[in-house]
Amino acid sequence: MKSSRAKGAYLIGFGDSVGLMAKQIVEGGFRGALYSFSGFGAPKVLEIAGKSAEGVVISAVPFDAAAPTTEKQRSLVERYQSRFGKPPSHYSAFAYDLGTVLAQAARDGGTDAKSIRSALVAMKGWSGVLGPVSFDARGEASVPLKMRRMVSGKAIPIDAGKR
């Protein structure tokens, strides 16, 4: 990476591997910008990446269990914490919204795959834990994302920190 003279690198992997990628790339001398996805903010990933996580820019859904911003988020955090003894991750929020939107689509359109797909495509601005969700003609979901920068182990709004 260092000899490539690249100005940036996008890190994507499964599980905690992105933490190790960041660590190896930075320790190998790469000084360009690092980008990743919301999974980079997971505690184990940050632990593995160590100081190499500082400044990494991530795309993240608008959900932070430590600072819920809507009643739906507060409700999910309280119920999840009560049941599992720990706060929900953004993956938990995704799973909750997935189950909820599929149940709504089944109620609206029927329980076979074609009916569910048609009902999903007809939904515009369905309100979930992650915010408004819509589906295009192909059934692809549009979920709001926020760009954040990792600073001292926290994902902060992109305009509030520098690499």
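Residues numbered from 1 in each chain as written. Predicted model: local features only at pLDDT ≥ 70, side-chain atom pairs only at ≥ 80, totals over all residues. Heavy atoms only, no water.

This part takes up the overall build of the protein. Check the secondary structure of the protein and you find five helices and eight strands. A principal-axis box enclosing the C-alpha atoms of the protein has dimensions of 55 × 35 × 25 Å. Relative to its full complement of 163 residues, the protein shows a buried share of 34%. Taking contacts inside the protein between residues at least 6 apart in sequence as the whole, the part at least 24 apart equals 48%. Here the protein displays about 9,800 Å² of accessible surface, and carbon together with sulfur accounts for 57% of that area. Across the protein, the mean location of the 23 positive side-chain charges is 7 Å away from that of the 13 negative side-chain charges. (Helix = DSSP H or I, 4+ residues; strand = E, 2+ residues; numbered from the N terminus. Buried < 20%, exposed > 50% of the residue type's maximum accessible area, 1.4 Å probe, protein only. Contact = heavy atoms within 4.5 Å. Areas by Shrake-Rupley, 256 points an atom, 1.4 Å probe, with all protein chains shown as cover. Lys, Arg positive; Asp, Glu negative; His and termini not counted. Charge placed at Lys NZ, Arg CZ, Asp CG, Glu CD.)

Let us now look at the packing of aromatic side chains. Enumeration over the complete set of coordinates arrives at one aromatic pair. Plain terms: the ring middles of tyrosine 80 and phenylalanine 84 are 4.6 Å apart, the flat faces sit at 45° to each other, and that makes the pair tilted. Separated by four residues within a single helix, tyrosine 80 and phenylalanine 84 lie in helix 3 (residues 71-84), roughly one turn from each other. (Phe/Tyr/Trp six-rings, centres within 6.5 Å; stacked < 30°, edge-to-face > 60°.)

Moving on to the packing of helix 4 (residues 90-109) against helix 5 (residues 113-122). In contact at an axis separation of 8 Å, helix 4 and helix 5 are set at 105° when each is read in the N-to-C sense. Comparing their axes, helix 5 and helix 4 come out roughly perpendicular. Contact residues: Val101, Leu102, Ala105, Ala106, Asp108 and Gly109 in helix 4; Ser115, Ile116, Ala119 and Leu120 in helix 5. Here the contact of helix 4 with helix 5 is built from residues that sort into seven nonpolar, two polar and one charged. (Axes fitted to C-alpha atoms, helices over the stretch in contact; angles between N-to-C directions. Parallel < 35°, antiparallel > 145°, perpendicular 65-115°, else oblique. Nonpolar A, V, L, I, M, F, W, Y, C, P; charged D, E, K, R; others polar.)

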